[in-house]
Every structure is written in structure tokens, then in C-alpha cells.
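Chain by chain, the residues run as shown.
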Amino acid sequence: MRIPFDNSYARLPDRFHARLPPTPVKAPKLIRVNEALARDLGLDPAALAAPEGVEVLAGNRVPEGAEPIAQAYAGHQFGGFVPQLGDGRAILLGEVVTRDGRRRDIQLKGSGPTPFSRRGDGRAALGPVLREYVVSEAMHALGIPTTRALAAVTTGEYVFREDALPGAVLTRVAASHIRVGTFQFFAARQDVDGVRILADHVIERHHKAARDAENPYRALLEAVVAAQAELVARWMLVGFIHGVMNTDNMTVSGETIDFGPCAFMDAFHPMQVYSSIDHGGRYAFGNQPRIAMWNLTRLAETLLPLLAEDQDAAIAEAQEVLAGFAPRFEAAWQSGLARKIGLAAPREGDVALIEDLMQRMADNEADFTLTFRRLADAALSPRAEKDVRALFRDPAAFDAWTPGWRARLADDPDTPEARRAMMREASPAFIPRNHQVERVIKAAVENDDYAPFEALLGVLSRPFDDQPEAADYALPPQPQERVLATFCGT
Ligand code: AMP
Ligand code: MG
């Protein structure tokens, strides 16, 4: 089992991390290796699935060349600052560089206690591991930047939450695990050198173009703002609610990270919340851009000493960059929505048309994913409108919207066939619906049955294809299947 590690983060100064190996588990057993991702990383999937590979994936054996570390970070959790969080149940084994030159972290999550664990046990339960596996891989298949799942194993041990639950370890792959909270860790200690070293590392690793800018740190902030504006728009265009957008759960690479109480919406509502711990609706669907902006403001604060010598000048720089968030988000969100209703050449006034539809969807509990997906067929053939209107509690609410829509479509340059194709590329048929994810977890946890997990992953790997044999996976939950809250992945 040879992994060609090149560990740039482990080479950073000691205060960036704690060096320690994962804690071995009793009886590791493979659930799954992500073969395509393994090959992407230049790893042999068969070797990973062999007994020695499974030992590595469980943390029982540290492969040659790994330099296992827990990364230090801080963060605002639900608005309150915690100066020290860090990897309390994850170990970064190291980094590999893919054949096309992309550097990727390989991290074990659920791999035992670290100096950052505080009172936690350092472990992960099987359910949240499967949830993260399914949702992160679905996100990837949707074309949205995200951390990924290379493998999952069970540990043969129990973790104790409200109940005793089977334990598991997820192998997570990411462009990096550097968070807004990583910058906050050093800023909170007035460690400007630390912030600078981290910023230089991030520029080199994720935002190389910033290196040649007149003010590289301003350019870095601009790049993160742009990446996050784009990311949040793309989440929302597929109905995704992250659920716990704390600053320690926001990357500077622009990848989605930490799939805890996340969920894709079924019935559309702009203030939908799933997290059982998000009482105020801080991280509700429609609040996500505002919260991203709040988090990015915290990032900007950490960079102030690097932005200019004079503090007022630094604040002015930061404010200018932050002001770019809203227009970037709006542009990405509105052009994405325009594609979803079939407009290739959006223009002023379209926003009102889109907002009118979404208000009607919200008032009528219309399924977010199916409404837009079926709208593609309705755009081509008015006879297919019946399948959209059936999603509205009061179908007349949809009917009242269509004349204005049809009039606008008639004025758009696309051919009807090209329009339908564009709409289908903007609106998936399959998302990881909560009730399906819960069903898969239940089968695994209660019956040691992973066939539903495998089947769901297969369907979600082709979210934009009609898969007639998998039609059930596209459907919203029956009332008794509805999942009202999801729980933090601890
Ligand atoms: P999260 O809510 O998963 O973003 O985690 C927030 C912080 O709590 C991070 O510092 C985690 O490492 C830590 N944490 C979460 N679960 C555990 C656990 N079971 N044991 C130790 N630390 C944990
Ligand atoms: Mg986290």
C-alpha cells in the first residue's frame, strides 16, 4: 500500500497543528471504497479494499509517507466565538497530488481523540458517516465544489450518544481543510505572522492568481468572496441547506464542507430549516447568502493587518472587497434561476417573473426539485403542464403564472429543444432526499444491510439523467416519510 504523499500543511510551523496518529479501532470492516475517486488520486482501489488498505482507512496503520496531524482552528458557532476548536475527531494523513496537478488532503474523520477534542470522544457514528458519504458524493455529481468521500469503514466499536451506535470512520478528500476559522485561530492570538504564513499557503494552494496582484492579500480575499458567492448560489439553485454555516465549516477553497444537519429541500419554503439545533433559523435556506457574507466579514477582519499598514486604509480595502459579495451572489443566483425557467438571455424584469413562481411554490408547498425539472418538459410541450400543476396544493396558482411565462419564452432566442436541454442541465431529477438518506442509514444501522446505500449512490451519481427504473427516488416523501429535522453529525 503506497501512497505518494507530499504534506505541505505538515511542513507549516508547529502551532498550526498537533502531530499524532489516529487511534486504532477494534475490528475494522470495509463498507465501501470510492473506486473512481481512488483512481483520480492515483491510488489503487483494490489495494485500499484489501486488509492492509482497510487498516489504513480505519486508522489502525499509518501508511508510509503520512505525517498525521490534527489541524488547529477556531470559529464562530451560531454567532459566538470559540477561540479554539480544531480537529477534535479527524486526522489529516497527508496530501497527494493528482496526475493533473491538483493537491488533495486525505483525512480520516472519526479517528479518535486529539488535543482539540475537548470533551468529545473523537469518534463518528455510522449514520452521519453514511449521510456525509451520500450527500457529498451527490453534491459532486451535481457539479458543485465539495469535499468528497474516498471510503467508509465500520470500527467494530460503539459510540455513545443518546444511544449506543455503531462507530465508523469516513475518509474525506478535500482541496484543503483550511477554513475561515483557521484564519481566526491565529488572528485571535494576535499572531499576525501566523495569519501571513497561512494566507501565503492558501494563495499558493488555492488562489494562485492572487500572487501576482498588486495587493496579494486583497486579491486573496476577493477570490474567497467570489468562490463563496458562487458556491452559495449553486447550493440554493438545487435547494440545498447547509444547516450549520459556522465559520469553522466554511472553506477558503470554496468547497462545501461538513455535512452535518444539512438537507435538500422537498417542498419549497424560503425559510426552511432542518437542523434540530438551529432554533432561530439563522441558517435557514434563504439566510445563506447573508450568513456567508457575515462569515466572510470575519475572514476579512483576520486579514486587516495584511491589507494595509494603516488600519483605516485596511478597513476601506476590506469593505470594498466585501461589497462585491452581494452583486456576485445575485448574478449567479439570478442567472441560474433564469436557466431553470428556460431563459437563455435573461433581462431586467425576469426577476419578478421568477419570484412570482417561487412565491406560488412556497404558498402551495410545491416540491422544489420536481417543479423545475418538470417545467423543462412543460416548456417544450404545454401538455406536460399537468405534471407541474399537480405539484401545487392549489394547481390554479401555477396556471395563473404560465401565461406570463409563455409570453416571455416566446421572446427568448433558444429553440424549444435547446431550451429544454438547458433547463434539464440546470435542474436535476435526483437529489439525496432526506427520507431516502434516512432509509439507507436505517437499513445499515439496524440490519447491517448496505444494498440500499449502494443503490442510492448509484442513482445519485447521474442526477441529471432520467432513470426510469429509479423513478421512486425522484419522488418527495409521503407524509409519514417526511423528515422534519436532521441532527448534527457528532
Ligand atoms: P462540527 O459541529 O462537526 O463542525 O464540529 C465542531 C467542533 O467540534 C470541531 O472542533 C470538531 O472537531 C468538534 N467535534 C465534533 N464532534 C466531536 C467528537 N465526537 N469528539 C471530539 N470533537 C468533536
Ligand atoms: Mg465542522
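Residues numbered from 1 in each chain as written. Chains lettered and ligands numbered in written order. Predicted model: local features only at pLDDT ≥ 70, side-chain atom pairs only at ≥ 80, totals over all residues. Heavy atoms only, no water.

Some words on the packing of aromatic side chains
Overall, the coordinates contain 18 aromatic pairs when judged by the stated rule. Summarising the aromatic geometry, the rings of F325 and F329 are spaced 6.3 Å apart at their centres and angled 5° between planes, so their arrangement reads as stacked. With F325 and F329 both in helix α10 (residues 325-340) and four residues apart, this pair spans about one turn of that helix. F329 matches F325 in its accessibility class, with the two residues each being buried. Exposure remark for F329: the relative accessible area of 4% places this residue in the buried category. Three or more aromatic residues joined by ring pairs form one cluster here, namely Y9, F16, F185 and F186. Its guanidinium or amino end placed over the ring of F185, R189 lies 3.7 Å from that ring's centre, counting from NZ or CZ. (Phe/Tyr/Trp six-rings, centres within 6.5 Å; stacked < 30°, edge-to-face > 60°. Helix = DSSP H or I, 4+ residues; strand = E, 2+ residues; numbered from the N terminus. Buried < 20%, exposed > 50% of the residue type's maximum accessible area, 1.4 Å probe, protein only. Lys NZ or Arg CZ within 6 Å of the ring centre and 35° of its normal.)

Some points on the nonpolar core
One finds F183, I341, L375 and W405 to be the most contacted residues of the largest nonpolar core, which totals 102 residues. Ranked by residues supplied to this core, first place goes to helix α7 (residues 216-237) with 13 residues. If we skip the residues at most four places from it in the chain, I341 touches L353, I354, L357, F372, L375, W401, W405, L409 and M423. The next biggest cluster of nonpolar side chains, apart from the first, holds 27 residues, and it includes A152, V437, Y450 and L460. (Core = buried A, V, L, I, M, F, W, Y, C linked by side-chain atoms within 4.5 Å. Contact = heavy atoms within 4.5 Å.)

Details of the coordination of the magnesium ion (ligand 2)
Binding of the magnesium ion (ligand 2) to the protein goes through N249 (OD1) and D258 (OD), at separations of 1.9 to 2.1 Å. A relative accessible area of 14% means that D258 is categorised as buried. (Donors = N, O, S within 2.8 Å, 3.2 Å for Na, K, Ca; no water.)

Description of the site of ligand 1
Close contacts around ligand 1 come from 17 residues, with G86, G88, D121, G122 and N249 the closest. In this structure, G88 approaches ligand 1 through a main-chain N or O atom, which is 2.7 Å from an oxygen atom. D121 is positioned such that a nitrogen or oxygen atom in its side chain is 2.9 Å from a nitrogen atom of ligand 1. The protein chains hide 85% of the 480 Å² of surface that ligand 1 would expose on its own. Residue composition of the shell around ligand 1, by class: two nonpolar, eight polar and seven charged. (Near = heavy atom within 4 Å. Polar contact = N/O pair within 3.5 Å; in protein donor to acceptor, adjacent residues only side chain to side chain. Areas by Shrake-Rupley, 256 points an atom, 1.4 Å probe, with all protein chains shown as cover. Nonpolar A, V, L, I, M, F, W, Y, C, P; charged D, E, K, R; others polar.)

Quick word on helix α8 (residues 288-307)
The end-to-end C-alpha distance of α8 is 27 Å, a good match for the 28 Å that 20 residues give at a rise of 1.5 Å each. Helix geometry: α8 is bent most strongly at E301, by close to 35°, with proline P305 lying one to four residues after it. (Expected span 1.5 Å × (residues − 1). Bend = angle between axes of the 7 residues up to and from the residue.)

Comments concerning the side chain of H76
Here H76 shows up in strand β4 (residues 75-77). Residue H76 is classed as buried on the basis of its relative accessible area of 13%. In terms of polar contacts, H76 uses its side chain to reach the side chain of Q184, at 2.8 Å. H76 has contacts with F81, Q184, N246, T247, D248, W294 and R298, leaving out every residue within four places of it along the chain.

Structural notes on the domain arrangement of the protein
Annotation of the protein at the domain level lists domain 1 (9-174), domain 2 (180-306), domain 3 (333-426) and domain 4 (435-481). Using only C-alpha atoms to locate each centre, domain 2 and domain 3 end up separated by 31 Å. Opposite the twelve residues of domain 2 that make contact, domain 3 presents twelve residues. Summing the contributions of domain 2 and of domain 3, the shared interface buries around 940 Å²; its carbon and sulfur component is 71%. When the area that domain 2 buries against domain 3 is broken down by residue, the three leading residues are L237, D266 and F268, summing to 60%. Where domain 2 meets domain 3, there are zero salt bridges. Summed over the shared surface of domain 2 and domain 3, the result is three residue pairs in polar contact (both at pLDDT 80 or more). For the side of domain 2 that touches domain 3, the residue count by class is nine nonpolar, two polar and one charged. (Domains from an automatic or database assignment. Buried area = accessible area lost by both parts, 1.4 Å probe. Salt bridge = Lys/Arg side-chain N within 4 Å of Asp/Glu carboxyl O.)

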